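Reading the structure
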Amino acid sequence: MQIRCALVGMPGSGKSTLGRQLAQHSGVPFIDLDQRLEQTLGCSIRSYFEVAGEACFRDLEAQALADVAQQPGGMLLSTGGGAVLRADNRDVLRRFGSVFYLHALPEEICRRVQHDRTRPLLQGGNPLKRLRALYAQRDGLYRETARHVIETGRSSVRTLVGMAALQLEQDLAADAAQRAAE
Ligand code: S3P
């Protein structure tokens, strides 16, 4: 059985950082959906948002997610914060494998991303207000997509990797037992 795991959560919740380390720990390739999109686009997501708008970005994101999910084998996938907005994407993610929601409150995220200029949805003043609005819209969507919620608040990345790795092992064992019973 292969580890297939995806991370969802708000921008700035630590998906890329945790994902990279969890992939290394689990011995599977790490795929960052945003990075993959930027490679395909040949420009930053922020520039693409400015030129083409969010709707076009969401179409590309959905296509990239569907493509990655079709690839066989183990992998650790980090998604963009808005990937759960479309119901089809949520279905793809749930079928893909173990989904973890990296939960962080808007106030905590704001402290982490206050100097960030790369995230288009957080630009233009008052990032806390924007983060609160995104959180109100998305927290439920992350929870309905994920099998596990990881509280990122006080723990070190190392601790979070250990917790997630344990959950992944339990998921693998549970999935194998279910398959054997079928
Ligand atoms: C977005 C989050 C970004 C990126 C894009 C849209 C969002 O990814 O996909 O800017 O809608 O929250 P991160 O969550 O990695 O910042």
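Please refer to the structure higher up on the page.
First, a word on scope: everything that follows refers to the structure included in this document. Bear in mind the structure is a predicted one, so any value in this text is a computation, not a measurement.

This part covers the packing of helix H4 (residues 54–70) against helix H5 (residues 87–96). Two elements in contact, H4 and H5, have axes separated by 10 Å at closest approach and are oriented at 20°. Between H4 and H5, the angle is such that the two are roughly parallel. Crossing hand, H4 versus H5: left-handed. Here Ala62, Leu65 and Ala69 of H4 lie close against H5, whose contacting residues are Asn89, Val92, Leu93 and Phe96. Here the residues of the contact of H4 with H5 are counted per class, giving six nonpolar, one polar and no charged.

With that out of the way, let us pick up helix H6 (residues 106–113). Listed in full, the buried residues belonging to H6 are Pro106, Ile109, Cys110 and Val113. Along the long axis of H6, the arc covered by the buried residues comes to 105°, so they all point the same way. Contact partners of the buried residues in H6: helix H7 (127–145).

The next point concerns the side chain of threonine 152. Considering the arrangement of structural elements, one finds threonine 152 in the loop between strand E5 (148–151) and helix H8 (157–181). By relative accessible area, threonine 152 is classed as buried at 5%. From its side chain, threonine 152 meets the backbone oxygen of histidine 103 in a polar contact 2.8 Å long. Excluding residues that lie within four positions of it along the chain, threonine 152 makes contacts with Ser13, Leu102, His103, Ala104, Arg112 and Leu160.

Moving on, we come to the side chain of aspartate 171. Summarising the element assignment, aspartate 171 is placed in helix H8. We classify aspartate 171 as buried; its relative accessible area is 6%. Non-local contacts of aspartate 171, meaning those with residues more than four positions away in its chain, are made with Ser98, Arg147 and His148.

Neighbouring residues of the ligand: 13 residues in total, closest Lys15, Asp34, Arg58, Arg119 and Arg138. Within the backbone of glycine 81, one N or O atom sits 2.8 Å away from an oxygen atom of the ligand. A distance of 2.6 Å separates an oxygen atom of the ligand from a polar side-chain atom of arginine 119. A majority-of-atoms criterion places the ligand in the largest pocket. Of the residues assigned to the shell around the ligand, the class counts are five nonpolar, three polar and five charged.

Below, the discussion takes up the nonpolar core. In this structure, Val8, Met10, Leu77, Leu93 and Leu131 are the most contacted members of the largest nonpolar core, which totals 32 residues. If one sorts the elements of this core by residue count, H7 sits on top with five residues. Dropping the residues within four chain positions of it, valine 8 is found in contact with Lys15, Thr79, Val84, Leu93, Val99, Phe100, Tyr101, Leu102 and Tyr142. If you look at the next biggest cluster of nonpolar residues, it comprises 16 residues, including Ile3, Leu22, Ile150 and Leu160.

Read from one edge of the open sheet, five strands run E2-E3-E1-E4-E5, paired in parallel fashion. Only two strands of the sheet have a single partner each, and these edge strands are strand E2 (30–32) and E5. Strand-to-strand twist of the sheet, defined as the mean angle between neighbouring strand axes without regard to direction, takes the value 20°. Relative to strand E3 (residues 75–78), E2 runs parallel, the two being bridged by three bridges. Looking at the pairing, aspartate 32 lines up with serine 78 of E3. Packing of H8 onto the sheet brings it into contact with strand E1 (4–8), strand E4 (98–103) and E5, and relative to E5 it is tilted by some 165°.

Conventions used here
Residues numbered from 1 in each chain as written. Predicted model: local features only at pLDDT ≥ 70, side-chain atom pairs only at ≥ 80, totals over all residues. Heavy atoms only, no water. Axes fitted to C-alpha atoms, helices over the stretch in contact; angles between N-to-C directions. Helix = DSSP H or I, 4+ residues; strand = E, 2+ residues; numbered from the N terminus. Parallel < 35°, antiparallel > 145°, perpendicular 65-115°, else oblique. Left-handed = near helix turned anticlockwise from the far one by under 90°. Contact = heavy atoms within 4.5 Å. Nonpolar A, V, L, I, M, F, W, Y, C, P; charged D, E, K, R; others polar. Buried < 20%, exposed > 50% of the residue type's maximum accessible area, 1.4 Å probe, protein only. Arc of directions from axis to C-beta. Polar contact = N/O pair within 3.5 Å; in protein donor to acceptor, adjacent residues only side chain to side chain. Near = heavy atom within 4 Å. 1 Å grid on protein atoms, 1.4 Å probe; cavity = no way out; pocket = protein on both sides within 12 Å on 5 of 7 lines; lining within 4 Å. Sits in = over half its atoms within 2 Å of the grid points. Core = buried A, V, L, I, M, F, W, Y, C linked by side-chain atoms within 4.5 Å. Pairing = 2+ DSSP bridges.

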